[in-house]
Amino acid sequence: MSSDNNSKLYSYSAASDLTDYDKGFAEDVKNGLRSDQKYLSSKYLYDKKGDAIFQQIMEMKEYYPTRCEYEIFDLHKAEMLKYFSENVDKFNLIEFGAGDGMKTKVLLKHFWQKQTHFSYVPIDISANIIRTLTADLQENMPGLSVKGICDDYFKAFEQLEQTADNIRKVVLFLGANIGNFDYEESILFLKKIASYFKSGDRLMIGFDLKKEPQMILDAYFDQDGITKSFKLNLLDRINKELGANFNTDNFQYFPIYDPVEGSIRSHLVSKVEQEVYIEALEESFHFGLWEAIFMERSQKYSLKDIHKMANEAGFQCLHHFYDSKGYFTDSLWTLA
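Quick summary incoming for the structure in this document. What you see is a predicted model, and the numbers here were worked out from it, not measured in a lab.

1. Quick look at the packing of aromatic side chains
In step 1: Taken as a whole and judged by the stated rule, the model has 29 aromatic pairs.
In step 2: Aromatic pair Tyr64 and Tyr327: ring centres 6.0 Å apart, planes at 65°, arrangement edge-to-face. Of this pair, Tyr64 sits in helix α3 (residues 64-85) while Tyr327 sits in the loop between β13 (315-322) and β14 (328-335); the two residues are 263 residues apart in sequence, bridging distant segments of the chain.
In step 3: By relative accessible area, which is 3% here, Tyr64 ends up buried.
In step 4: Given the relative accessible area of 24%, Tyr327 is considered partly exposed.
In step 5: Taking 5.0 Å as the distance between ring centres and 40° as the angle between the ring planes, the aromatic pair formed by Phe173 and Phe189 counts as tilted. Note that Phe173 is positioned in strand β6 (residues 168-173) and Phe189 in helix α7 (residues 183-196), a separation of 16 residues in sequence.

2. Observations regarding the pattern of salt bridges
In step 1: All told, the structure shown has 17 salt bridges when counted by the stated rule.
In step 2: With its nearest N and O atoms 2.7 Å apart, the salt bridge here joins Glu69 to Lys103. Within this pair, whereas Glu69 is found in helix α3, its partner Lys103 is found in the loop between β2 (91-96) and α4 (104-113), the two being separated by 34 residues in sequence.
In step 3: Given the relative accessible area of 0%, Glu69 is considered buried.
In step 4: Sharing partners across several salt bridges, the network here consists of Lys169, Lys198 and Asp201.

3. Here we look at helix α10 (residues 303-313)
In step 1: Among the residues of α10, those classed as buried are Ile306, Met309, Ala310 and Ala313. Seen end-on, α10 carries its buried residues on one side only, within an arc spanning 95°. Of the exposed residues in α10, those oriented more than 90 degrees away from the buried face are Lys304, Lys308 and Asn311.
In step 2: The elements touched by buried residues of α10 are α7, β7 (202-208), β13 and β14.
In step 3: A positive phi of about 95° marks Gly314, the residue just after α10.

4. Observations regarding empty space enclosed by the protein
In step 1: Applying the stated criterion to the full structure yields one cavity of 30 Å³ or more.
In step 2: Estimated volume of the largest cavity: approximately 780 Å³.
In step 3: In this structure, the largest cavity is lined by 45 residues; those nearest its centre are Tyr46, Phe54, Gly97, Asn177 and Asn180.
In step 4: Contributing elements (two or more residues each) for the lining of the largest cavity: α2 (48-59), α3, β2, α9 (226-242) and β12 (292-299).
In step 5: Here the residues of the lining of the largest cavity sort into 18 nonpolar, 15 polar and twelve charged.

5. Topic: the environment of Ile125
In step 1: For Ile125, the position within the fold is in the loop between β3 (118-124) and α5 (127-140).
In step 2: The class of Ile125 is buried, set by a relative accessible area of 18%.
In step 3: In sequence terms Ile125 and Thr334 are 209 residues apart; their C-alpha atoms lie 26 Å from each other.

6. Concerning the side chain of Asp208
In step 1: The topology assignment puts Asp208 in strand β7.
In step 2: Among the residues examined, Asp208 registers a relative accessible area of 0% and is labelled buried.
In step 3: Among the polar contacts listed, one links the side chain of Asp208 to the side chain of Lys211, at a separation of 2.6 Å.
In step 4: Ignoring anything within four residues of it in the chain, the contact list for Asp208 reads Tyr64, Pro65, Ala176, Tyr220, Gln299, Lys300, Tyr301, Tyr327 and Phe328.

7. Some words on α5
In step 1: Taking 1.5 Å per residue as the helical rise, α5 with its 14 residues ought to reach 20 Å, and the 20 Å between its terminal C-alpha atoms agrees with that figure.
In step 2: Restricting attention to buried positions, one finds in α5 the residues Ala127, Asn128, Ile129, Ile130, Leu133, Thr134 and Leu137.

8. Here's the deal with the sheet that holds strand β8 (residues 251-258)
In step 1: If you trace the three strands from one edge of the open sheet to the other, you get β8-β9-β12, paired in antiparallel fashion. A strand with exactly one partner marks an edge of an open sheet, and here the two such strands are β8 and β12. Along the sheet, successive strands turn relative to each other by an average axial angle of 20°, direction set aside.
In step 2: Bridge analysis of β8 against strand β9 (residues 263-270) gives eight bridges, and the strand direction is antiparallel. Following the sheet pairing, Pro255 is matched in β9 by Ser266.

Scoring rules and cut-offs
- Residues numbered from 1 in each chain as written.
- Predicted model: local features only at pLDDT ≥ 70, side-chain atom pairs only at ≥ 80, totals over all residues.
- Heavy atoms only, no water.
- Phe/Tyr/Trp six-rings, centres within 6.5 Å; stacked < 30°, edge-to-face > 60°.
- Helix = DSSP H or I, 4+ residues; strand = E, 2+ residues; numbered from the N terminus.
- Buried < 20%, exposed > 50% of the residue type's maximum accessible area, 1.4 Å probe, protein only.
- Salt bridge = Lys/Arg side-chain N within 4 Å of Asp/Glu carboxyl O.
- Arc of directions from axis to C-beta.
- Contact = heavy atoms within 4.5 Å.
- 1 Å grid on protein atoms, 1.4 Å probe; cavity = no way out; pocket = protein on both sides within 12 Å on 5 of 7 lines; lining within 4 Å.
- Points joined across faces, edges and corners; volume = space filled by probe spheres on them.
- Nonpolar A, V, L, I, M, F, W, Y, C, P; charged D, E, K, R; others polar.
- Polar contact = N/O pair within 3.5 Å; in protein donor to acceptor, adjacent residues only side chain to side chain.
- Expected span 1.5 Å × (residues − 1).
- Pairing = 2+ DSSP bridges.
- Axes fitted to C-alpha atoms, helices over the stretch in contact; angles between N-to-C directions.

Right, here's the structure in full:
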């Protein structure tokens with residue numbers, strides 16, 4: 001995912017916000033709502049309020065991915081450390097889309113307690129979440145080397161390359177975030193990562209595996225409406241930051257799961273014919289009765305799918321780490 005944001009490095013004392021964020025946000029909203037099939041980029045779901053709602057989602061009984069990946073880290077943290085540190089004295093642990101770091105802290109604490117020589121580089125588009133994460137790590141793991149970056153993943157990678165010191169890169173892309181891309185986008189994304197890698201670098205990706213279809217759908221359509229509020233918050237954000245007049249009561253949240261394609265697709269559907277004006281764009285947008293805004297996709301995978309992706313992108317699979325029920329895997333790759 002990309003943005004037009006200027007990057008900021010966040011140390012433990014950082015407290016500033018992104019520059020020119022509204023400009024990039026406005027441009028992306030305009031492009032999405034002008035499209036024949038309206039869409040809004042899922043990266044904008046994560047403002048301060050969105051971050052808090054997503055933390056509620058991760059705690060929902062229906063939302064199994066977070067619990068599964070947490071269990072994987074708890075079960076396999078020692079084995080992961082062996083793979084990450086094999087034949088090197090130090091490594092940089094770089095996390096794409098770090099979020100609040102709840103799961104990653106299981107690894108960080110284990111590595112820290114083992115006095116492992118590594119640096120942690122969390123990367124996230126949310127300035128709020130980077131500030132919160134780094135402050136928490138300062139308090140609870142003093143002495144841990146952390147450099148948070150608030151930016152697009154590959155702009156952040158370019159910053160890291162400018163200060164490259166031939167230390168092994170171990171890149172984490174967790175939480176089944178790879179599933180937000182379609183297949184072609186996934187391959188392009190993975191090939192881009194490979195272009196920054198050297199021999200011995202590692203990539204670990206969280207994959208939500210295919211399973212009983214209703215269980216998957218329930219994880220994105222909870223009875224308490226938390227996921228619905230997460231999606232509708234983006235309309236509230238457009239109202240607040242871009243001066244729009246969305247009435248969220250006029251939209252229905254509607255996810256669908258296709259077990260053949262293995263994909264959850266989330267939409268907001270207009271329950272009335274309506275016009276929405278966005279002041280920052282000086283433009284009105286028409287929504288027909290039952291017209292949908294595409295919000296997000298989440299792909300589910302088989303092991304065959306995972307190996308095919310790795311091979312096509314120039315990687316080979318080193319190991320798959322599973323939770324006890326086999327619902328989820330963190331797959332560790334290196335260059336082929």
